[in-house]
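Listed below are the residues making up each chain.
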Amino acid sequence: MPKFVTIGYGDREGYERIAPALRDVAHAHDEKLRRDGALMGIAGQPVQLRNPEAARLEVTDGAFMSSVLPIAGFAVIEAADMAQAIRLVSLTPCAVAHGVVEIWPLEDKG
């Protein structure tokens, strides 16, 4: 089955704007995705890595990309296609709490 990487963007302000009952639904939905095999986690502090021509390893603290909302977390899910992936993440906390979820298909390099 195809795999998709999801990146959830959101902040505490958006999260607190939704009703507690909807938060509970969103967290229960995340838990169901985990039980069904999704690999999910909250975003930690990133580093940037470069190794030009495999000759000079450079590591810098911080994210390379920036956005209006902070990255809240990541997941790897399986879905038959993009339409199903969209349905699967449509009730996650970032999606319902005034955030954004990006869905990236992982293409097989084989």
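Residues numbered from 1 in each chain as written. Predicted model: local features only at pLDDT ≥ 70, side-chain atom pairs only at ≥ 80, totals over all residues. Heavy atoms only, no water.

With respect to the overall build of the chain
Stage number 1. A count of helical and extended segments in the chain gives 4 helices and 6 strands.
Stage number 2. Along the longest, intermediate and shortest principal axes, the C-alpha atoms of the chain span 55 × 35 × 20 Å.
Stage number 3. In the chain, which comprises 110 residues, the share counted as buried stands at 26%.
Stage number 4. In the chain, the share of contacts with a sequence separation of at least 24, taken over all contacts with a separation of at least 6, comes to 69%.
Stage number 5. Accessible surface, the chain as shown: approximately 7800 Å² in total, 58% of it carbon and sulfur. (Helix = DSSP H or I, 4+ residues; strand = E, 2+ residues; numbered from the N terminus. Buried < 20%, exposed > 50% of the residue type's maximum accessible area, 1.4 Å probe, protein only. Contact = heavy atoms within 4.5 Å. Areas by Shrake-Rupley, 256 points an atom, 1.4 Å probe, with all protein chains shown as cover.)

Side note on helix H2 (residues 20-35)
Owing to its 3.6 residues per turn, the α-helix aligns residues three or four sequence positions apart on the same side.
Stage number 1. Between its first and last C-alpha atoms H2 spans 23 Å; for 16 residues at 1.5 Å apiece the expected length is 22 Å, and the two agree.
Stage number 2. All of the buried residues along H2 are Arg23, Ala26, His29, Asp30 and Leu33. Angular distribution of buried residues about the axis of H2 spans 120°; they occupy a single face of the element. Along H2, the residues that are exposed and aim more than 90 degrees away from the buried face are Pro20, Ala21, Asp24 and Arg35.
Stage number 3. In this structure, the buried side of H2 is in contact with helix H1 (12-17), strand E2 (39-42), helix H3 (82-89) and helix H4 (93-96).
Stage number 4. Phi for glycine 37, located one or two positions after H2, is positive at around 110°. (Expected span 1.5 Å × (residues − 1). Arc of directions from axis to C-beta.)

Focus: unusual backbone geometry
The phi angle of most residues is negative, glycine excepted, and most peptide bonds adopt the trans form.
Stage number 1. Phi is positive for glutamate 53, close to 55°, though the residue is something other than glycine.
Stage number 2. For glutamate 53, the location among the structural elements is in the loop between strand E3 (47-50) and strand E4 (58-61).
Stage number 3. What makes glutamate 53 exposed here is its relative accessible area of 81%.
Stage number 4. One non-glycine residue, histidine 98, lies in positive phi territory at about 65°.
Stage number 5. Mapped onto the secondary structure, histidine 98 falls in the loop between H4 and strand E6 (100-106).
Stage number 6. Residue histidine 98 is classed as partly exposed on the basis of its relative accessible area of 43%.

A few points about the sheet that holds strand E5 (residues 71-78)
Stage number 1. Taken in spatial order, the 4 strands of this open sheet run E2-E5-E1-E6, and their pairing is antiparallel. The sheet is open, and its two edges are formed by E2 and E6, each paired on a single side. Averaged over all pairs of adjacent strands, the angle between their axes in this sheet comes to 15°, without regard to strand direction.
Stage number 2. By the bridge criterion, 4 bridges tie E2 to E5 in an arrangement that is antiparallel. (Pairing = 2+ DSSP bridges. Axes fitted to C-alpha atoms, helices over the stretch in contact; angles between N-to-C directions.)

So, the environment of leucine 39
Stage number 1. Examined against the element boundaries, leucine 39 turns out to sit in strand E2.
Stage number 2. Using a relative accessible area of 60% as the deciding quantity, one classes leucine 39 as exposed.
Stage number 3. As a C-alpha pair, leucine 39 and methionine 65 span 26 residues in sequence and 22 Å in three-dimensional space.
Stage number 4. Ignoring anything within four residues of it in the chain, the contact list for leucine 39 reads Phe74, Ala75 and Val76.

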